[in-house]
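Descriptive structure summary
Each chain, letter by letter, is given below.
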Amino acid sequence: MSSSPEKKKKKLAEELPSTRQTNPTPSLPDELLTSCIARLSRLYYPTLSLVSKSFRSLLSSPELYKARSLSSRTETCLYLCLESSSDSRWFTLCRKPDKTVTKDDVSKNKKNNDDVSKKKSTSYVLSKLPALHSPPAVFSGLVSVGSDIYNIRSSSNVSVLDCRFHTWRKAPSLPVELMALSACAVDEKIYVAGIHGESLKNASKVLDARTQTWDHVVSIPCSLTRRGALNMRSVCIDGKSHVATDDGVVCYNSQEGKWELGEAKMGSFRFSDSYCEVENVLYSVCNGTLRWYDGEVNVWRSLDGLVGLPKFLPGVSVRLCDYGGNMVVVWDKNMLSSGQKKILCAEIALERRGVCEIWGGVEWIDHVLTVPIGYYIVKALSATV
């Protein structure tokens, strides 16, 4: 017996609310809404996620990131890892909505002889990722490849933060436990160097991020660096994995399958975690100021320009990060009276002027986060999403 028209209408009315909940704006078809959101910068996604559960669901859907990829809307996104004695927290950079300029702002600017039109009306903040059971992390074990951030730990465990959906997953474990490990990425391959076993032998492994398999890399020979180098730092320069130790710098020639001596002058970056590589140039902080090095010049030089960027005092934690060809600088400032810590961030546009000169232009500087003073900056990384 078929249902009456009245019963069908009642059944349809009961189903409509649940259907509407899956679409944040029911007046738009799902595909059109997804296409529209895909064209927005991801800097605005954390703010959009506050609108409703439906928006949060859409912003973490595979369909959205497929649409971003097909429309060539992928972009570089900044991530920051903070850690305390009790937990790890991850944050991503986002944009605040435009600020409305009030009469008080105008009066204040006139009093200070400021031009209101020249004031930036937007600012950046760090948005905490949804509650994640984030594993402990160290600077030298964090590496980004595409839309993933790999967390490689001495215990051989490897976790991956998927920056599209902000979820953790397991990756194949290191074949052996490595002490004092250091990792860097070259062409979607992650090279990990460290020391192994009671004899403290040098050991090297490589993870192919595409196939998710580990391969053996010939160990760094003792003729190039003594056994058991405890202070290793890795970076990719000229398409090769470079490892700086107390004995100098070695680089891995993947075509010939062997380690070679690198330029010793380059290795001074290893004394802190304040370094990064941007477009084949190595940048680091030394004595509170930024400097740069590349193989062509083969000497460390000061980064010129940087108007508005402070000199970093001793004890300030500074992290550098490639940000789509620009460089991001993140540093902290303790506020002892309140027991809080400010996290500040600046984006630097880099301009090469001849062989021996690079200028940095400060695009913006913002106070992006405040945390309890017990937290410290582990690392800043960028992912392509």
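Residues numbered from 1 in each chain as written. Predicted model: local features only at pLDDT ≥ 70, side-chain atom pairs only at ≥ 80, totals over all residues. Heavy atoms only, no water.

- By the naming in an unreviewed UniProt entry, the protein chain goes by F-box domain-containing protein and is assigned to Brassica cretica.

**Some words on the overall build of the protein chain**
- Looking only at helices and strands, the protein chain features six helices and 25 strands.
- Classification of the 385 residues of the protein chain by burial places 46% in the buried group.
- Considering only intrachain contacts with a sequence separation of at least 6, the fraction spanning at least 24 residues in the protein chain is 54%.
- Counting only carbon and sulfur atoms, one obtains 51% of the accessible surface of the protein chain, whose full area is about 20200 Å². (Helix = DSSP H or I, 4+ residues; strand = E, 2+ residues; numbered from the N terminus. Buried < 20%, exposed > 50% of the residue type's maximum accessible area, 1.4 Å probe, protein only. Contact = heavy atoms within 4.5 Å. Areas by Shrake-Rupley, 256 points an atom, 1.4 Å probe, with all protein chains shown as cover.)

**What to know about the environment of Val-330**
- Secondary-structure assignment places Val-330 in strand S22 (residues 326–335).
- Put simply, Val-330 and Leu-344 are 14 residues apart on the chain and 5.7 Å apart in space, counted from C-alpha to C-alpha.
- Dropping the residues within four chain positions of it, Val-330 is found in contact with Leu-80, Ser-317, Val-318, Arg-319, Ile-343, Leu-344, Cys-345, Ile-377 and Ala-380.

**Some remarks on the sheet that holds strand S21 (residues 318–323)**
- The mixed open sheet is built from five strands, whose spatial order is S20-S24-S23-S22-S21. Of all strands in the sheet, those bounded by a partner on one side alone are strand S20 (304–305) and S21.
- In the sheet, S21 pairs with S22 via six bridges, with the strands oriented antiparallel. Paired with Asp-322 across the bridge in S22 is Met-327. (Pairing = 2+ DSSP bridges.)

**Focus on the nonpolar core**
- Within the largest apolar cluster, 25 residues are counted, with the highest numbers of intra-cluster contacts made by Ile-37, Tyr-79, Trp-90, Leu-142 and Ile-149.
- Residue assignment for this core shows that the elements contributing at least two residues are helix H2 (30–38), helix H3 (45–48), helix H4 (53–59), helix H5 (62–70), strand S1 (76–83) and strand S25 (376–384).
- In this structure Trp-90 touches Tyr-79, Leu-80, Cys-81, Ser-127, Lys-128, Leu-129, Ser-134, Leu-142, Ile-149, Leu-161, Trp-168 and Leu-381, once residues within four positions along its chain are discounted. (Core = buried A, V, L, I, M, F, W, Y, C linked by side-chain atoms within 4.5 Å.)

**Examining the packing of aromatic side chains**
- Considering all chains together, one arrives at nine aromatic pairs under this definition.
- Ring centres of Tyr-65 and Phe-165 lie 5.6 Å apart, and the angle between their planes is 90°; on these two criteria the pair is classed as edge-to-face. Taken together, the positions of Tyr-65 in helix H5 and Phe-165 in the loop between strand S6 (158–162) and strand S7 (167–171) put the pair 100 residues apart, joining distant regions of the chain.
- The exposure class of Tyr-65 is buried, given its relative accessible area of 8%.
- Ring geometry for Phe-269 versus Tyr-275: centroids 4.6 Å apart, planes at 65°, classification edge-to-face.
- The buried category is assigned to Tyr-275, whose relative accessible area is 7%.
- Through a chain of ring-to-ring contacts, three or more aromatic side chains come together here, namely Phe-139, Phe-269 and Tyr-275.
- Above the plane of the ring of Trp-300 lies Arg-291, whose end atom (NZ or CZ) is 3.9 Å from the centre.
- Above the plane of the ring of Phe-139 lies Lys-379, whose end atom (NZ or CZ) is 4.4 Å from the centre. (Phe/Tyr/Trp six-rings, centres within 6.5 Å; stacked < 30°, edge-to-face > 60°. Lys NZ or Arg CZ within 6 Å of the ring centre and 35° of its normal.)

**Focus on the layout of surface pockets**
- Volume-wise, the largest pocket comes out at about 750 Å³.
- For the largest pocket, the lining is made up of 30 residues, of which Val-143, Ser-144, Ala-185, Glu-277 and Asp-322 are closest to its centre.
- Taken as a whole, the second largest pocket spans an internal volume of roughly 420 Å³.
- Taken together, 24 residues make up the lining of the second largest pocket; nearest its centre are Tyr-45, Pro-46, Ser-49, Pro-130 and His-166.
- If you list the elements that add at least two residues to the lining of the second largest pocket, you get H3, H4, S1, strand S2 (88–95) and strand S3 (124–128).
- Of all the elements, S1 adds the most residues to the lining of the second largest pocket, at three residues. (1 Å grid on protein atoms, 1.4 Å probe; cavity = no way out; pocket = protein on both sides within 12 Å on 5 of 7 lines; lining within 4 Å. Points joined across faces, edges and corners; volume = space filled by probe spheres on them.)

**Thoughts on H2**
- Inspection of H2 places Leu-33, Thr-34, Ile-37 and Ala-38 among the buried residues, and these make up the whole buried set. Seen along its axis, H2 keeps its buried residues to an arc of 135°; they face one direction.
- As for H2, its buried residues are in contact with H3, H4 and H5. (Arc of directions from axis to C-beta.)

**Here's the deal with the pairing of S2**
- Along S2, seven of the eight residues are buried, which leaves the element largely enclosed by surrounding structure.
- Alignment of S1 against S2, held across five bridges, turns out to be antiparallel. By the bridge assignment for S2, Leu-82 is matched with Arg-89.
- Between S1 and the antiparallel strand that follows it, S2, lie four residues.
- Sheet analysis places S2 next to S3, joined by five bridges and oriented antiparallel. Across the sheet, the residue bridging to Cys-94 is Val-125, located in S3.

**Notes on H5**
- Considered for burial, the residues of H5 that qualify are Leu-64, Tyr-65, Ala-67 and Arg-68. Considered in projection along H5, the buried side chains sweep an arc of 155° and stay on one side of the axis. Among the exposed residues of H5, those pointing more than 90 degrees away from its buried face are Pro-62, Glu-63, Lys-66 and Leu-70.
- Buried positions along H5 lie against H2, H3 and H4.
- Backbone geometry just downstream of H5 places Ser-72 in the positive-phi region, at approximately 55°.

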